[in-house]
Amino acid sequence: MGRKVKGASALSLAVMAGIALFGFEGTSAYAEMGDYVPVEAIESVAESVTTQQDDQPAPSFVSQPVVQTIPETPEVETQAAVPMAANLGDYLAGLPTPEGLDKQLNCLAGAIYHESKGEPLSGQLAVARVIVARAESPKFPSSYCGVVYQRHQFSFVRGKSMPAINRSSRAWQRAKKLALIADENGWESEAEGALYFHANYVRPRWSRKMTRLAQIDNHIFYR
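Computed from a predicted structure; not experimentally measured.

1. Thoughts on the nonpolar core
Side chains of a nonpolar character, in soluble globular proteins, are inclined to be buried together. Counting 39 residues, the largest nonpolar core has Leu108, Ile131 and Phe221 as the members making the most contacts within it. For this core, the elements supplying multiple residues, two or more each, are helix 4 (88-93), helix 5 (103-116), helix 6 (121-136), helix 7 (144-148), helix 8 (170-184) and strand 2 (212-216). When residues in this core are grouped by element, the largest group, eight residues, is from helix 6. Ala133, Phe140, Leu195 and Tyr196 belong to the second-largest nonpolar core, a separate cluster that totals six residues.

Structure below.
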């Protein structure tokens, strides 16, 4: 035999294809011959199967973008910001009274108490903000205590001390809150940016060279 069948699988495929195409009768002659099947018959059946497969149109694939609809996220209404207190008095009333203050805040609260406890709240805050502004300026000491105890700056200072404070008074409790507000810039002063102030019943020479910012009750503030 001049040709060989390549493997048992090729033979099985050919026989099965013959049965499918010609039925059992068309392949009976080959079946009677036992396991031997002529190569010509196998090639004929395979060619017939291949021809039928070639006649079938090849599947076509269309490339299209996959569009996925994203559901719209419902808008969530943001919670309105809590409005700030209408005035400094209401803001102050809503703050807890600090039980203790550190050394620097004690100096600041003491200056508020002695220098302006008889002034309206806006005037007391303005005095406190002057001390804060001075501590931040290179022209003055860099701490609240340094500013308060600087020579010839605050009339209530005697040497390097201040008079006694009635620590059970409402004025002191208020001064402690105002010290915290001024330190954190929690409420804008009507004389923001001021570095100097004096009582309205005096007119010091230095005030003529300064820019006047505001007068709050008995104090006039300058920059």
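2. Digging into helix 8
For helix 8, with 15 residues, the first-to-last C-alpha span of 22 Å sits near the 21 Å given by 1.5 Å per residue. Taken together, the buried residues of helix 8 touch helix 4, helix 5 and helix 6. Once helix 8 ends, the next one or two residues include Asn185, with phi positive near 50 degrees.

3. Considering the side chain of Arg134
Looking at the element boundaries, Arg134 is found in helix 6. For the buried Arg134, no salt bridge exists, and the shortest N-O distance to an oppositely charged side chain is 9.7 Å, to Glu115. Excluding residues within four positions of it along the chain, Arg134 makes contact with Phe140, Pro141, Val147, Gln153, Leu195 and Tyr196.

4. Here's the deal with the environment of Pro141
Mapped onto the secondary structure, Pro141 falls in the loop between helix 6 and helix 7. For Pro141, the contacting residues outside a window of four places in its chain are Arg134, Ala135, Gly146, Val147 and Gln150.

5. Re the packing of aromatic side chains
Tallied over the full model, the rule gives eight aromatic pairs. Aromatic pair Phe154 and Phe156: ring centres 5.7 Å apart, planes at 50 degrees, arrangement tilted. Centre to centre, the rings of Tyr196 and Trp206 are 5.6 Å apart; their planes meet at 40 degrees, and the pair counts as tilted. Of this pair, Tyr196 sits in strand 1 (residues 196-199) while Trp206 sits in the loop between strand 1 and strand 2; the two residues are 10 residues apart in sequence, bridging distant segments of the chain. Given the relative accessible area of 17%, Tyr196 is considered buried. Aromatic ring contacts, followed pair by pair, group Phe140, Tyr196, Trp206 and Tyr222 into a single cluster.

6. Focus on the pairing of strand 2
As defined by bridge partners, strand 2 adjoins strand 3 (residues 219-222) across four bridges and the pair is classed as antiparallel. Bridged to Ala214 within strand 3 is Phe221.

7. Comments concerning the pairing of strand 1
Both faces of strand 1 are covered, namely the face carrying Tyr196 and His198 and the face carrying Phe197 and Ala199. Examined bridge by bridge, strand 1 and strand 3 share four bridges and lie antiparallel to one another. Each residue of the ladder has a partner; that of His198, found in strand 3, is Ile220.

Rules and cut-offs
- Residues numbered from 1 in each chain as written.
- Predicted model: local features only at pLDDT ≥ 70, side-chain atom pairs only at ≥ 80, totals over all residues.
- Heavy atoms only, no water.
- Core = buried A, V, L, I, M, F, W, Y, C linked by side-chain atoms within 4.5 Å.
- Buried < 20%, exposed > 50% of the residue type's maximum accessible area, 1.4 Å probe, protein only.
- Helix = DSSP H or I, 4+ residues; strand = E, 2+ residues; numbered from the N terminus.
- Expected span 1.5 Å × (residues − 1).
- Contact = heavy atoms within 4.5 Å.
- Lys, Arg positive; Asp, Glu negative; His and termini not counted.
- Salt bridge = Lys/Arg side-chain N within 4 Å of Asp/Glu carboxyl O.
- Phe/Tyr/Trp six-rings, centres within 6.5 Å; stacked < 30°, edge-to-face > 60°.
- Pairing = 2+ DSSP bridges.

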